[in-house]
Amino acid sequence: MTLEVLPLAITTIAGPQIISAVILTTTRAPYRLSGMFLAGFMVSVLAGTAAAYGLAQLLDFGGTGHLQSRGSTGRIIQYVLVGLLVVLAVKNYLGRRTAEPPKWLGALLTASPAKAFRVGLLLALLMPSDLLVMLTVGISLRSDPDGYWGGLPFFGAVLLLIALPLITFTVFRRRMATAMPRVRDWLNSHSWLVNIFCCVIFILIILGGT
């Protein structure tokens with residue numbers, strides 16, 4: 001696929017997604033809960049991208065490798081998306097002093113495996129940035145010689161990035177046992193910054209082909 005795989009993958013996991021992955025490594029059953037969360041998240045990413053790919057096939061979209069198309073309609077959509085992302089980034093910045101993480105993030109500390117799976121499943125489907133990425137990738141794969149399976153580099157990058165907290169916890173378990181809670185607290189208190197970073201990355205991806 002011709003898309004910038006790593007930036008798109010980073011955008012997919014930036015925000016509550018990676019914060020959830022970090023939180024689950026600080027629970028009493030980090031491997032079981034993290035595994036269920038990762039499974040739910042990847043099911044959503046795979047299914048969401050497949051739906052976008054199927055829609056592109058149905059409507060006979062010509063994949064260009066970028067979100068924008070060459071027509072005026074495509075450019076209008078592109079600039080509308082950029083405008084929405086700029087508004088979202090500004091909103092996060094202005095509300096940084098009063099920003100609080102969602103209550104369900106704290107509830108993950110006592111989550112059951114089933115709840116961890118549901119959170120992973122819903123995160124990718126409810127996050128606007130993830131929906132945009134899946135739509136972008138799905139449409140791009142319309143012109144890939146390997147079809148849907150041309151997205152394997154993207155899927156692999158997403159899986160690796162969202163699993164990084166668990167991988168790091170496993171490799172450096174003794175150090176991470178004390179470090180991960182601090183990372184979790186920092187991400188919780190700076191969630192606004194993570195959201196702005198996500199918006200900036202996606203804006204650069206959208207404008208990259210202009």
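What counts, and at which threshold
Residues numbered from 1 in each chain as written. Predicted model: local features only at pLDDT ≥ 70, side-chain atom pairs only at ≥ 80, totals over all residues. Heavy atoms only, no water. Helix = DSSP H or I, 4+ residues; strand = E, 2+ residues; numbered from the N terminus. Buried < 20%, exposed > 50% of the residue type's maximum accessible area, 1.4 Å probe, protein only. Contact = heavy atoms within 4.5 Å. Areas by Shrake-Rupley, 256 points an atom, 1.4 Å probe, with all protein chains shown as cover. Axes fitted to C-alpha atoms, helices over the stretch in contact; angles between N-to-C directions. Parallel < 35°, antiparallel > 145°, perpendicular 65-115°, else oblique. Left-handed = near helix turned anticlockwise from the far one by under 90°. Nonpolar A, V, L, I, M, F, W, Y, C, P; charged D, E, K, R; others polar. Core = buried A, V, L, I, M, F, W, Y, C linked by side-chain atoms within 4.5 Å. Phe/Tyr/Trp six-rings, centres within 6.5 Å; stacked < 30°, edge-to-face > 60°. Expected span 1.5 Å × (residues − 1). Arc of directions from axis to C-beta. Patch = residues over 30% accessible without salt bridge, like charges linked within 9 Å, V, L, I, M, F, W, Y side chains within 5 Å. Salt bridge = Lys/Arg side-chain N within 4 Å of Asp/Glu carboxyl O. pLDDT = per-residue confidence, 0-100.

Peer 1: Report on the overall build of the protein chain, specifying residues and quantitative values.
Peer 2: Across its full length, the protein chain carries 11 helices and zero strands. Each helix (α) and strand (β) of the protein chain, taken in turn from the N terminus, gives the series α-α-α-α-α-α-α-α-α-α-α. Looking at the protein chain as a whole, 46% of its 210 residues are labelled buried. By sequence separation, contacts in the protein chain at least 24 residues apart represent 85% of the contacts at least 6 residues apart. About 10,900 Å² of surface is accessible on the protein chain, with carbon and sulfur atoms providing 68% of the total.

Peer 1: Break down the packing of helix 1 (residues 5-13) against helix 8 (residues 152-162) for me, citing the residues and quoting the values.
Peer 2: Axis separation between helix 1 and helix 8 bottoms out at 9 Å; the angle between their running directions is 45°. With respect to helix 8, the element helix 1 is oriented oblique. Between helix 1 and helix 8 the crossing geometry is right-handed. Residues Val5, Leu6, Leu8, Ala9, Ile10, Thr12 and Ile13 of helix 1 form the contact with helix 8, whose participating residues are Pro153, Phe154, Ala157, Val158, Leu161 and Ile162. Looking at side-chain class alone, the contact of helix 1 with helix 8 contains 12 nonpolar, one polar and no charged residues.

Peer 1: Go over the nonpolar core, please, and point to the residues and values.
Peer 2: Counting residues in each nonpolar core, the largest one holds 46 residues, and the members touching the most others are Phe37, Phe41, Phe154 and Val158. Counting residues per element, the ones that place at least two in this core are helix 1, helix 2 (16-24), helix 3 (30-59), helix 4 (72-94), helix 6 (113-126), helix 7 (128-140), helix 8 and helix 11 (191-207). Looking at which element gives the most residues to this core, the answer is helix 3, with seven residues.

Peer 1: Residue-level account of the packing of aromatic side chains, with values.
Peer 2: For the structure on display, the rule yields six aromatic pairs. An aromatic cluster is built from Tyr53, Tyr148, Trp149, Phe154 and Phe155, whose rings are joined through pairwise contacts.

Peer 1: Lay out helix 7 with the relevant residues and their values.
Peer 2: Between its first and last C-alpha, helix 7 extends 18 Å over 13 residues, near the 18 Å set by a 1.5 Å rise per residue. In terms of burial, helix 7 is a largely internal element, 10 of the 13 residues being buried. Of all the residues in helix 7, the buried ones are Ser129, Asp130, Leu132, Val133, Met134, Thr136, Val137, Gly138, Ile139 and Ser140.

Peer 1: Can you break down the environment of Leu166 residue by residue, with the values?
Peer 2: Its location among the elements puts Leu166 in helix 9 (residues 164-171). Exposure remark for Leu166: the relative accessible area of 15% places this residue in the buried category. Sequence spacing of Leu166 and Thr25 is 141 residues, and the spatial spacing of their C-alpha atoms is 6.2 Å. Here Leu166 is in contact with Thr25, Pro30, Tyr31, Ser34 and Leu38, once residues within four sequence places are set aside.

Peer 1: How would you summarise helix 9 if you had to cite specific residues and measurements?
Peer 2: All of the buried residues along helix 9 are Pro165, Leu166 and Phe169. Projected down its long axis, helix 9 carries its buried residues within an arc of 95°, all on one side.

Peer 1: Got a sec to walk through a nonpolar patch on the surface? Specific residues and values, please.
Peer 2: There is a patch of nonpolar side chains on the surface, built from Leu160, Leu164, Ile167, Val171 and Phe172 and spanning about 450 Å² of accessible area. If you tally residues by element for the nonpolar patch, the top one is helix 9, at three residues. Relative to the assigned elements, Phe172 resides in the loop between helix 9 and helix 10 (173-189).

Peer 1: Requested: an account of the confidence of the model for the protein chain, with residues and values cited.
Peer 2: Here the protein chain averages 80 in pLDDT, and 81% of its residues register 70 or above. Low pLDDT, under 50, characterises residues 63-70; the predicted model gives this stretch 24 contacts beyond four residues in sequence or across chains.

Peer 1: An account of the packing of helix 3 against helix 8 is needed here, citing residue identities and associated values.
Peer 2: Two measures define how a pair of helices packs: the angle their axes make with one another and the distance between the axes. One way to put it is that helix 3 packs onto helix 8 with a least axis distance of 11 Å and a crossing angle of 155°. Relative to helix 8, helix 3 is oriented roughly antiparallel. Seen along the crossing, helix 3 lies across helix 8 with a hand that is right-handed. Side by side, helix 3 and helix 8 meet where Phe37, Leu38, Phe41, Met42, Val45, Leu46 and Thr49 of the first sit next to Phe154, Phe155, Val158, Leu159 and Ile162 of the second. Of the residues contributing to the contact of helix 3 with helix 8, the split by class is 11 nonpolar, one polar and no charged.

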